[in-house]
Amino acid sequence: ALLNKINTTNKKRLFIATWSLSETPLELRQKVETLTKSFSAFLIAYQKEFSNINNIEYFNNMKSKKNNLLWKTWEIPHLKGNSYLIGNK
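Residues numbered from 1 in each chain as written. Predicted model: local features only at pLDDT ≥ 70, side-chain atom pairs only at ≥ 80, totals over all residues. Heavy atoms only, no water.

(A) Highlighting helix 1 (residues 26–35). Restricting attention to buried positions, one finds in helix 1 the residues Arg 29, Val 32 and Glu 33. Around the axis of helix 1, the buried residues are gathered within 100° of arc, so they sit on the same side. Opposite its buried face, helix 1 presents the exposed residues Glu 27 and Gln 30, each directed more than 90 degrees away. Looking at the packing, one finds that the buried side of helix 1 touches strand 1 (14–18), strand 4 (53–54) and helix 2 (55–65). (Buried < 20%, exposed > 50% of the residue type's maximum accessible area, 1.4 Å probe, protein only. Helix = DSSP H or I, 4+ residues; strand = E, 2+ residues; numbered from the N terminus. Arc of directions from axis to C-beta. Contact = heavy atoms within 4.5 Å.)

This is the structure we're talking about:
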């Protein structure tokens, strides 16, 4: 899989997922999370629920696992029920 080819030798890596991660099954999300453990920044956009998965709960849990980053979440004004999540060192 392409995810396994992520270069882990660079010091700084940005993970971008605009509605993609929030629209995948939990099993795939766990694989992606494992591969992004050493990333230093995240830009994620998500809707509050997708396919009976509470994305607010999911991303709050993800933030707690990556507590070495500073996180900010805010609702997208023109897309009610959708939010941006940014994490950075």
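(B) Representation of the nonpolar core within the structure. Phe 15, Leu 21, Phe 42, Ile 44, Phe 59 and Leu 85 are the most contacted members of the largest nonpolar core, which has 13 residues in total. Secondary structure elements with two or more residues in this core: strand 1, strand 2 (41–47) and helix 2. Once you skip the residues sitting within four places of it in the chain, Ile 44 turns out to touch Ala 17, Phe 59, Met 62, Ser 83, Tyr 84 and Leu 85. (Core = buried A, V, L, I, M, F, W, Y, C linked by side-chain atoms within 4.5 Å.)

(C) Fine view of unusual backbone geometry. A positive phi angle, near 65°, is found at Trp 19, a position not held by glycine. Its place among the elements puts Trp 19 in the loop between strand 1 and helix 1. With phi around 50°, Ser 51 is a residue other than glycine that occupies positive phi space. Checked against the element boundaries, Ser 51 lands in the loop between strand 3 (49–50) and strand 4.

(D) Structural detail: helix 2. Listing the buried residues of helix 2 in full gives Asn 55, Tyr 58, Phe 59, Met 62 and Lys 63. The buried residues of helix 2 occupy an angular sector of 135° when the element is viewed end-on, so they sit on one face. Where helix 2 is buried, its residues meet helix 1, strand 2, strand 3, strand 4, strand 5 (70–75) and strand 6 (82–88). Where helix 2 begins, one side-chain oxygen reaches toward the backbone nitrogen of Ile 56, 3.0 Å away; that side chain belongs to Asn 54. (Polar contact = N/O pair within 3.5 Å; in protein donor to acceptor, adjacent residues only side chain to side chain.)

(E) Geometry of the sheet that holds strand 6. Reading across the sheet, the four strands line up as 1-2-6-5 and stay open at both edges, with mixed pairing between neighbours. Each having just a single partner strand, strand 1 and strand 5 make up the two edges of the open sheet. Sheet twist, expressed as the mean angle between neighbouring strand axes with direction ignored, is 10°. In this sheet, strand 2 lies alongside strand 1 in parallel orientation, the contact comprising five bridges. Looking at strand 2, one finds that Phe 15 is bridged to Phe 42. (Pairing = 2+ DSSP bridges. Axes fitted to C-alpha atoms, helices over the stretch in contact; angles between N-to-C directions.)

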